[in-house]
Amino acid sequence: MEQGYLTLETGEVFEGVLIGAKKDSLGEVVFNTSMTGYQEIITDPSYAGQIITFCYPIIGNYGINAMDDESISPALAGVVIGDLCETPSHYQSIQKFSDKLAQAGVTGIAGVDTRLLVKTIRSRGTVRGYLSHTKKRELPPVKNTFWVEKVSTKKTKYFKNKGPHVVLMDFGYKKSILTALLDEGCAVTVVPYSTPFEKIKAIDPDGVLFSNGPGDPMELKKWFPEIKKISQHYPSLGICLGHQLIALAYGAQTEKLAYGHRGGNHPVKELSTGKVKITSQNHGYVVVDSSIDKNVFEITYLNVNDKSIEGLKHKHYPIQTVQFHPEAHPGPNDTVHIITEFVTQIASLGETRYAIK
């Protein structure tokens, strides 16, 4: 294996050996605290343009299977790991982790002191990094940061089923969200992120789910009016980026966290019951508490660690949003009931529509 380097824009250099695709790669360096689920993580479209650092020390031990990809093609910029396992042991394994990266055209680096790297990110904040066979004195600029456009579907897709019809607005959705809706009996139409209200109206769904996705939600500012119209007219659920977009469409603001929430072990408090749920999360931005109009939205969930907003519920329309992933994959199923309740709600509302203000 070839010697490689991860150079941070703040000057730190981390040595290791290159794995996966044999090419240089630039991206935002983030870390994920999950102990398992590396296949789902590297194929999650929300990581578009990012270099993922895995906190768990050994990666690749159970290989890659044929079922757990969250997208057709990984969109991440790179992977940083400590110990690479090249001899996976699992009855469903069909491929090694390093071969999966090479096949997807993703550069990785192994043998890195990931504990030190994560400490650096936590002290510096999220920084850009460059993966290469040589050290870099200066990092090149990022040419395009509008990642949603890169990962969203280019055409409408329909999945037939017997239950309520849900439109899935694709800002970079995980396959597990679609699977969760289908498992609830929903017929699902996946549409591009830029689909306007009039086209949604022509599809005539029973409800709309605004998906997760990569990047800064303010990149989608021009679509806020359409998002507001859609959510006012149809029962809506926003997940992750979808949560942020709905909040922004109703006048709230977002801000970037120092190093984000990424992993399958984030505790959130359900304010209606006082119970704490362990959730799967992957985001770098949050809705600003002070920017929320409390006459319009009720806060439903708070992050236990930093008290950031994890969920909202509209006081007049059937709109709910969550910052975490109720469908998990990877992660716990503590909050999967949110999707079940959403489907139950739209089924009970039937053909009822809400007048646009």
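Our subject is the structure listed above.
Residues numbered from 1 in each chain as written. Predicted model: local features only at pLDDT ≥ 70, side-chain atom pairs only at ≥ 80, totals over all residues. Heavy atoms only, no water.

**As for the overall build of the protein chain**
Thinking step 1. Counting its regular elements, the protein chain contains 9 helices and 19 strands.
Thinking step 2. For 357 residues, the compact-globule estimate of 2.2 N^0.38 gives 21 Å, and the protein chain sits close to it at 20 Å.
Thinking step 3. For the protein chain, the spread of C-alpha atoms along the three principal axes comes to 60 × 45 × 40 Å.
Thinking step 4. By the burial criterion, 57% of the 357 residues in the protein chain qualify as buried.
Thinking step 5. Taking all contacts inside the protein chain whose residues are at least 6 apart in sequence as the whole, residues at least 24 apart take part in 72%.
Thinking step 6. Looking at the protein chain as shown, the accessible area adds up to about 15100 Å², and 50% of this sits on carbon and sulfur atoms. (Helix = DSSP H or I, 4+ residues; strand = E, 2+ residues; numbered from the N terminus. Rg over C-alpha atoms; globule rule 2.2 N^0.38 Å. Buried < 20%, exposed > 50% of the residue type's maximum accessible area, 1.4 Å probe, protein only. Contact = heavy atoms within 4.5 Å. Areas by Shrake-Rupley, 256 points an atom, 1.4 Å probe, with all protein chains shown as cover.)

**Examining the side chain of Thr279**
Thinking step 1. By secondary structure assignment, the location of Thr279 is in strand S16 (residues 275-287).
Thinking step 2. Setting aside residues up to four positions removed in sequence, Thr279 forms contacts with Gly263, Gly264, Asn265, His266, Val268, Phe324, Pro332 and Thr335.

**Describing the packing of aromatic side chains**
Thinking step 1. The final tally for this structure, using the stated rule, is 8 aromatic pairs.
Thinking step 2. For the pair Tyr250 and Phe297, a centre-to-centre distance of 5.4 Å together with 90 degrees between the ring planes defines the contact as edge-to-face. Taken together, the residues span a long stretch of sequence, with Tyr250 in the loop between helix H8 (241-249) and strand S15 (254-270) and Phe297 in strand S17 (residues 297-303) at a distance of 47 residues.
Thinking step 3. Residue Tyr250 is classed as buried on the basis of its relative accessible area of 16%.
Thinking step 4. What makes Phe297 buried here is its relative accessible area of 4%.
Thinking step 5. A cation over a ring is seen here: Lys222 above Trp223, with NZ or CZ 4.8 Å from the ring centre. (Phe/Tyr/Trp six-rings, centres within 6.5 Å; stacked < 30°, edge-to-face > 60°. Lys NZ or Arg CZ within 6 Å of the ring centre and 35° of its normal.)

**Here we look at the pairing of strand S12 (residues 187-192)**
Thinking step 1. In terms of burial, S12 is a largely internal element, 6 of the 6 residues being buried.
Thinking step 2. Here 3 bridges tie strand S10 (residues 157-159) to S12, and the two strands are oriented antiparallel to one another. Counted as the bridge partner of Phe159 is Val188 from S12.
Thinking step 3. Sheet topology note: the strand S11 (residues 165-170)/S12 ladder contains 6 bridges and is parallel. Looking at the pairing, Val166 lines up with Val188 of S12.
Thinking step 4. Regarding topology, helix H5 (residues 175-183) serves as the crossover connection from S11 to the parallel S12, and that connection is right-handed. (Pairing = 2+ DSSP bridges. Right-handed = clockwise from strand over helix to strand, strands pointing away.)

**A word on helix H2 (residues 97-104)**
Thinking step 1. Among all positions in H2, only Phe97, Ser98, Lys100 and Leu101 are buried. All buried residues of H2 lie within an arc of 160 degrees about the axis, which places them on one face of the element. (Arc of directions from axis to C-beta.)

**Focus on the environment of Thr43**
Thinking step 1. For Thr43, the location among the structural elements is in the loop between helix H1 (38-42) and strand S4 (50-54).
Thinking step 2. For Thr43, a relative accessible area of 0% corresponds to the buried category.
Thinking step 3. Put simply, Thr43 and Ile72 are 29 residues apart on the chain and 7.7 Å apart in space, counted from C-alpha to C-alpha.
Thinking step 4. With sequence-adjacent residues up to four places away left out, Thr43 is seen in contact with Asp68, Asp69, Glu70, Ser71, Pro74 and Lys100.

**With respect to the pattern of salt bridges**
Thinking step 1. Within the structure shown, the criterion is met by 8 salt bridges.
Thinking step 2. With a closest N to O distance of 2.9 Å, Glu12 and Arg124 form a salt bridge. Linking Glu12 in the loop between strand S1 (3-8) and strand S2 (13-20) with Arg124 in helix H3 (residues 114-124), this pair joins segments that are 112 residues apart in sequence.
Thinking step 3. The residue Glu327 makes a salt bridge to Lys174 at a minimum N-O spacing of 3.1 Å. Residue Glu327 is found in the loop between strand S19 (319-322) and helix H9 (337-349), and its partner Lys174 is found in the loop between S11 and H5; the two are separated by 153 residues along the sequence. Across the pair, exposure class does not vary: Glu327 and Lys174 are buried alike. (Salt bridge = Lys/Arg side-chain N within 4 Å of Asp/Glu carboxyl O.)

**A short note on the environment of Gly263**
Thinking step 1. As for its placement among the helices and strands, Gly263 is situated in strand S15.
Thinking step 2. Sequence separation between Gly263 and Pro88 is 175 residues; the distance between their C-alpha atoms is 22 Å.
Thinking step 3. Other than its neighbours up to four places away in sequence, Gly263 contacts Asn32, Thr33, Ser34, Thr279, Ser280 and Gln281.

**Notes on the sheet that holds strand S18 (residues 309-314)**
Sheets are built from strands that pair by backbone hydrogen bonding, the pairs being arranged parallel or antiparallel.
Thinking step 1. Spatially, S10-S12-S11-S13-S14-S19-S18-S17-S15-S16 is the arrangement adopted by the 10 strands of the open sheet, whose pairing is mixed. Looking at which strands have only one partner, the edges of the open sheet turn out to be S10 and S16. Taking each pair of neighbouring strands and ignoring which way they run, the sheet shows an average axis angle of 20 degrees.
Thinking step 2. Two elements, S18 and S19, share 3 bridges in a ladder whose sense is antiparallel. (Axes fitted to C-alpha atoms, helices over the stretch in contact; angles between N-to-C directions.)

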